[in-house]
Amino acid sequence: MKCTQLKSREKFLGLLSASLFSLLLIGFYLSPLLKNLNFQGRGDWDQMYFYHEVPQKTLLVYHQFPFWNPYYCGGMTLIGNPQNRLFSPAAIINLVAGVVPGLKIDVLFHLMIGALGMFYLARFWGLQGVNAFLPVFLFVLNGKLALHVTEGHFWILTIVYLPFLYLSFLKSFKSHSMILICSLLLTLMLFDGGIYILPFSVLFLGMIALLESYQRKQMLPLKRFILILLFFFLFSGPKLFPTLELISRFPRPTGSGLAVPFQFLPELFFSKYQSMFRFYPAEPMTGWWNFGAYIGFTPFLLFIVALRNFKKQWILIFVAMFFFLLGLGNFSQFSPWGLLHQLPIFNNMHVPSRGHIVFIFIISLLAGFGLQNVQQRFFSTPFTRCIFSILVILFVIVDLLIVNGPIWQQALVPYQISVRDQLKVGRNRIKDREDFKQIAMPQREQFRWGAWSAMYPVVSQNYGIVNGYESIPIERAAMPEGSNDYRGEYFLVQGNGSLKLVAWSPNRVAIDVDLIKEDTVVMNQNYDKNWHSNLSARPIHSFQGLLSINLSAGHTKLEFYYLPYSFVWGMVTFIGAAIFWFWVLKARAARPWGK
């Protein structure tokens, strides 16, 4: 008994020491972000600040649930935007720390989650001792992740849930409760803005299920996969349904893109020159951040060594090769990306090289097996094996820090956002303007801070930017102040009376209307069928693409409010799935599943 307690204590202390080392290492790796918490960022960082600030402002200032975003493009759904991370753990961090420092802390939080998940997955697969840490550091310190986050692509952070997802799926073959865990992890990917990672993860899980069913000569893995997708659909309804509604209304069909030339492959994975400012000659319209994926020669050689265990690891190896080819793009008529791009969801995606992040995830795990094979083949004693593995892991860590570490220094620009202007819980902010209006931002201001947009600073002034940056091709009908067609944020088409604004908030607008005869009231926001009024007998319709309603003569207290029914139905499916699993787990606690 004492021996068992001693071993448990040693394991706990070892895991605690490794966790502290990982935290310090990742903190050092991200130090350019963490020591400049209030600085603006390049690329899409401003857009990410904006995406996080608007729902936070809606909650804290107007005390409403963030359904609608009136602050750019003439107004569009907020809950349906796939990059909205309202239900993400990042939302809690931002509420406490503020959006600008919160997003930097959020990167640290996600990398620690990824390190923990990769460690448990490696141990589950049989990696012993320190060998389990090679996949951990290779996974969180790779260049693909660093380049994308530095550009402001926060969707890539959701890859950190993939180790937990894969581990839970494998355990679901014996545990029914793991079906629930898998479906919730996929839901978390969606809630966390994983617009690329979620489809790739579903594809990864589907391939694993198919190949596991083939290997086992039974349909159990495929059945589990179908159940996971079903409950993901039900749990994610509050976010998934509004998102599907948005992209079905405004699809973003993209070309299949160009193939990555084979001569560039060594540059992607092995070149020491990994920079945001590196030129990618094969496709000048995009940056190196979409292609660079430095891992180094040593992990690749260890992956080659792991191929010796092909019979045991053939499923992972096959899936790794698929995602490697997928990331090469449309290199032939029957390339994986060319075929996949014909399917819904995938036909809205571009830059196939982003699929290499899943390839790196698998390579990270298999490299650990390669290290363990070399260790066991050439070293006979536990001490020499441990020393060899530690030296190899330290060499890989130092190499990744030297090559990928400087990338983080390119994420921020030397413009510090005032702490006083940042909205968060428990802090009084500069009073927001009462007179919301929409403007057109001059082109010289749009790229002023080194980002692709400059929307975040304007939110605090309660302005909407009609020419704001958004990749979804929504129809922009709203007019900015100063244009020839601008008639105010609210106006009468015929001018048969007067209007008085009573209350304004992102989801609700109250207006007193006095008409001498029938007229049409127009609000300078893009039309969306999910806008309603307090006058149920008079439907809201589109007037030149704007929200409008016909009123009779007399005095009317008019209210516009936004409530997407897709969200309501999504809440119904979420509650239904939660009740079902509560009943299942309660029944399971009362008696074993097999009886």
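Structure's up top.
Counting restarts for each chain: residues are numbered from 1 in the order of the written sequence. In keeping with the model being predicted, local features are shown solely for residues with a pLDDT of at least 70 and side-chain atom pairs are shown and tallied solely at 80 or more, while totals for entire chains, interfaces and linings include all residues. Hydrogens are left out, water is left out, and the side-chain values use all remaining heavy atoms of the structure.

### A look at the layout of surface pockets
Here the largest pocket defines a volume of roughly 770 Å³. Put simply, the grid is 1 Å and covers the protein atoms alone, a cavity is a trapped set of points that fit a 1.4 Å probe, a pocket is an open set with protein on both sides within 12 Å along at least five of seven lines, and lining residues have an atom within 4 Å of a point. If you trace the largest pocket, you find 32 residues lining it, with Ile195, Leu198, Pro199, Ile247 and Ile345 closest to the centre. Where helices and strands are cited, they refer to DSSP runs of H or I of at least four residues and of E of at least two residues respectively, numbered from the N terminus. Among the secondary structure elements, those contributing two or more residues to the lining of the largest pocket are helix 9 (177-191), helix 10 (197-216), helix 11 (220-235) and helix 12 (237-249). Grid points are joined across faces, edges and corners, and a volume is the space filled by probe spheres set on the points. What the second largest pocket holds in volume is close to 660 Å³.

### A look at the nonpolar core
The biggest cluster of nonpolar side chains holds 180 residues, and the ones touching the most others in it are Phe204 and Phe323. Nine residue types can take part in a nonpolar core, namely buried Ala, Val, Leu, Ile, Met, Phe, Trp, Tyr and Cys, and a core is a set of them joined through side-chain atoms within 4.5 Å. The buried label applies to any residue whose accessible area, calculated with a 1.4 Å probe on protein chains only, is under 20% of its type's maximum; exposed applies above 50%, and partly exposed to all values in between. By size, the runner-up hydrophobic cluster in this structure holds six residues, among which are Ala477, Ala478, Val522 and Leu546.

### Comments concerning the pairing of strand 13 (residues 546-551)
Among the six residues in strand 13, five count as buried, and that is most of the element. When strand 10 (residues 519-526) meets strand 13, the two strands line up antiparallel, connected through six bridges. Residue pairing across strands places asparagine 526 opposite leucine 546, the latter belonging to strand 13. A strand pair is defined by DSSP finding two or more bridges across the two strands. Pairing of strand 12 (residues 541-543) with strand 13 involves three bridges; the strand directions are antiparallel. Looking at strand 13, one finds that phenylalanine 543 is bridged to leucine 546.

### Section: empty space enclosed by the protein
Inspection of every chain in the model, using the stated rule, returns three cavities of 30 Å³ or more. Each pocket or cavity is described by its volume, and for the largest cavity that value is around 70 Å³. Ranked by residue count, the leading element in the lining of the largest cavity is strand 10, at three residues. Here the residues of the lining of the largest cavity sort into nine nonpolar, three polar and one charged. Here the second largest cavity defines a volume of roughly 40 Å³. Contributing to the lining of the second largest cavity are Tyr51, Asn69, Tyr72, Met76, Thr77, Leu78, Asn81 and Asn84. Note on residue classes: Ala, Val, Leu, Ile, Met, Phe, Trp, Tyr, Cys and Pro are nonpolar, Asp, Glu, Lys and Arg are charged, and everything else, Gly too, is polar.

### Structural notes on the packing of aromatic side chains
Aromatic rings from Phe, Tyr and Trp, taking only the six-membered ring of Trp, are treated as a pair when their centres fall within 6.5 Å; an angle between ring planes under 30 degrees marks them as stacked, one over 60 as edge-to-face, and anything in between as tilted. Applying the stated criterion to the full structure yields 50 aromatic pairs. Residues phenylalanine 269 and phenylalanine 270 carry aromatic rings whose centres are separated by 6.5 Å and whose planes lie at 55 degrees to one another, so their mutual orientation is tilted. A single burial state applies to phenylalanine 269 and to phenylalanine 270, both of which are buried. Measuring from ring centre to ring centre gives 6.4 Å for phenylalanine 580 and tryptophan 583, while their planes differ by 45 degrees; the resulting arrangement is tilted. Note that phenylalanine 580 and tryptophan 583 are positioned in helix 21 (residues 565-590) at a spacing of three residues, about one turn of the helix. Relative accessible area serves as the criterion here: at 57%, tryptophan 583 is assigned to the exposed category. One aromatic cluster is present, formed by Phe269, Phe270, Phe297, Phe300, Phe303, Phe324 and Phe359 through successive ring pairs. Charge-over-ring placement is defined geometrically: NZ (Lys) or CZ (Arg) within 6 Å of the ring centre, and within 35 degrees of the ring normal. The ring of phenylalanine 378 has arginine 377 lying over it, and the distance from NZ or CZ to the ring centre is 5.8 Å.

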